[in-house]
Amino acid sequence: MNNKDFLWWKHGVVYQIYPRSFLDTTGNGVGDLPGIIKKLDYVKSLGVHAIWINPFFQSPMADFGYDISDFQSVDPLFGSNTDMLTLISEAHKRGLKVIFDMVFNHTSSEHPWFVESRSSLDNPKRDWYIWNEKKPNNWQSLFGGSAWEKCDFTNQYYYHFFLSEQPDLNLRNPEVIAEIKKIIEYYLDIGVDGFRLDAVNTYFEDENLMDNPDTDYCPAEYTIDCQIRKYNFDHHHNYNFLAEIKKLIDSYPGERMLVGEVAKDGHDKDAWKKYYGDAQVGLDLVFNFDFLYNSPNVNQVTDIVKAWESLEMHNWPTYVFSSHDQIRGISRYVLEGDSIETEVKKAKTMAIFLLTVRGTPFIYYGQEITMNQYTDLTNDQIKDPWAIRTNFTVPTRDGCRTPMQWDGTKNAGFSTSEYTWLPISKNYPQKNVEVQNGDPNSILNFYRKVIQIRSENPALFGGKLELLEDNPDFVSYTRELDGQKVLIIINFCEHSIKPESECQTGNVLISEGLNNGEIEPFGFAVIEKN
Ligand code: GLC
């Protein structure tokens, strides 16, 4: 593969930044865009190729930025539009591509479009949202209760799949589509390289607003689980809408990219395929939830890889262990009683898998220093509206959003404030970037090394994948491209393994616990075979 064939979103590594928690430069306890700019050299030092930043646009913050009230303005909490432009150019100077997070399923209820829409039955923007005289069906909101909210101005109900502060846009209205296109063009014009599209499963709903069928099990405290989301999820219009957006971004020069949040469990190949679209007319990347919902145990690994490998070659996979919505991967993988050494070993097996399997890896800030899920939040410390509105039935997402641990100083170097928006993990004096920078054996330096190995070996970032032994204890596969073949074996179990695949000869690119053809617990080998 030539350098010119290196497609950043396909062969590179993406680093996700949750802006509230990266670095606070104003001393208000909340991270901001200048904070990200300040840390771009750090991000670059990881060897990654792109950053995805969660929404930082104007918002009342009912859902921490996923409730946008102005798509084209940076919320003052995070800085200014000038900061945004600086961020893009500073990232580009360092060769980093920039992915923004676009929320088109809904707006904030304080968005001027909704304020107009709700004001009267004959307002020209009335049809920009989904209104009904009465609650037309049994649809439930993901964030708790009915998905229909009465609005006093007109005594009608509007639809919201998420919070009532997040009314769903009516994407059947061509005026809404035209506005969305303008927003995308604005960001393409200022140099944004790609978009992470939020909640794409929920863009369109059944036109006849049919009742969703019941499930067998109905938890009183979380009513969305009482129904199958047959009529308000994965509607076939979602695919056409994405194809339109894709056409628009493809009309721009440079390699622009669309990755969609397709929330799906159970290795749902058919669903993924539809979102990619036939002949690549849809999303470039489908965000893979399989390792967000499941622990990385070996059976899962093999099944999940098999499912993704069964797609067409052009349906390029993604792999993700952690995000701003789910329990951090390492905390799902480590068992109670595991030592720090075992945690590090497990983190390394995760990193080796993530960075050698065929697909685009996404690394969530702090993953590279094994930041854990924060589990000690008391109910009055919890900020996540999903947990609060469901009376804590749904575990809070705050635990994976705590501030980045930069060093051993106050607030882990994240902020000078007395109060940070979420508490800092108690393990920060030991677990932080500064400490790990200085330790050649740290997980941070391990991530750097493996990303470098990946970037230097085309078979690893672009080659075809073949699964080898079907063994319940370990996973083994080869990656092959242009005559280069690399064997990867990862031991996910607590005892040594002796794989049949020959791992005693070849050029060992990286390994741990490899002795005479055996691999120790949570060891691995990455070996160039020719
Ligand atoms: C997506 C986001 C999540 C947000 C929701 C509503 O799932 O990842 O954080 O709460 O959409 O916008």
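Residues numbered from 1 in each chain as written. Predicted model: local features only at pLDDT ≥ 70, side-chain atom pairs only at ≥ 80, totals over all residues. Heavy atoms only, no water.

**Examining the nonpolar core**
Y15, F100, F195, L197, F353 and M404 are the most contacted members of the largest nonpolar core, which totals 125 residues. Here L197 is in contact with M102, F104, Y203, L242, L258, V259, G260, E261 and L283, once residues within four sequence places are set aside. W139, L142, F162 and L163 belong to the second largest nonpolar core, which has 20 residues in total. (Core = buried A, V, L, I, M, F, W, Y, C linked by side-chain atoms within 4.5 Å. Buried < 20%, exposed > 50% of the residue type's maximum accessible area, 1.4 Å probe, protein only. Contact = heavy atoms within 4.5 Å.)

**Regarding the site of the ligand**
For the ligand, the set of nearby residues contains 13 residues, the closest of which are D63, D198, E261, H324 and D325. A distance of 2.4 Å separates an oxygen atom of the ligand from a polar atom in the side chain of D325. Here the ligand has 310 Å² of accessible area as a free molecule, and 96% of this is covered by the chains. Of the residues in the shell around the ligand, the class split is three nonpolar, three polar and seven charged. (Near = heavy atom within 4 Å. Polar contact = N/O pair within 3.5 Å; in protein donor to acceptor, adjacent residues only side chain to side chain. Areas by Shrake-Rupley, 256 points an atom, 1.4 Å probe, with all protein chains shown as cover. Nonpolar A, V, L, I, M, F, W, Y, C, P; charged D, E, K, R; others polar.)

**Re the packing of helix α6 (residues 174-189) against helix α7 (residues 237-250)**
The description of two helices packed together rests on the angle between their axes and the distance between the axes. Viewed as axis vectors pointing N to C, α6 and α7 meet at an angle of 35°, and their least axial separation amounts to 10 Å. With respect to the hand of their crossing, α6 and α7 are arranged in right-handed fashion. On the side of α6, the interface is formed by I177, I180, K181, I184, E185 and L188, while α7 contributes F241, E244, I245, L248 and I249. Looking at the contact of α6 with α7 residue by residue, the classes come out as eight nonpolar, no polar and three charged. (Axes fitted to C-alpha atoms, helices over the stretch in contact; angles between N-to-C directions. Helix = DSSP H or I, 4+ residues; strand = E, 2+ residues; numbered from the N terminus. Left-handed = near helix turned anticlockwise from the far one by under 90°.)

**Re the sheet that holds strand β7 (residues 148-151)**
Pairing within the open sheet is antiparallel, and its three strands lie in the order β6-β8-β7. Both outer strands of the open sheet, β6 (131-132) and β7, are each paired with one neighbouring strand and no more. Direction of pairing for β7 relative to strand β8 (residues 156-159): antiparallel, over a ladder of four bridges. Bridge assignment links C151 to a residue of β8, and that residue is Q156. (Pairing = 2+ DSSP bridges.)

**A word on the state of the cysteines**
The full count for this structure, using the stated rule, is one disulfide. Note that C218 is cross-linked by a disulfide to C226, the S-S spacing being 2.0 Å. Across the S-S bond of C218 and C226 the torsion is about 80°, and the bridge reads as right-handed. Looking at C493, it has no disulfide partner, and the nearest cysteine sulfur is the one in C503, 14 Å off. (Disulfide = S-S within 2.5 Å.)

**Details of the domain arrangement of the protein**
For interface size, the figure often reported is the accessible area lost on association. Looking at the protein, the domain boundaries give domain 1 (3-106 + 174-454), domain 2 (112-159) and domain 3 (464-528). Placing the centre of domain 1 and that of domain 3 at their C-alpha centroids yields a distance of 29 Å. On the domain 3 side, the residues contacting the 24 residues of domain 1 number 24 residues. Together domain 1 and domain 3 conceal approximately 2000 Å² of surface at their shared face, both sides included; 72% is due to carbon and sulfur atoms. Remark: the boundary between domain 1 and domain 3 carries two salt bridges. A salt bridge links K348 to E512, with the nearest nitrogen and oxygen atoms 2.9 Å apart. Counting across the domain 1 and domain 3 interface gives five residue pairs in polar contact (both at pLDDT 80 or more). (Domains from an automatic or database assignment. Buried area = accessible area lost by both parts, 1.4 Å probe. Salt bridge = Lys/Arg side-chain N within 4 Å of Asp/Glu carboxyl O.)

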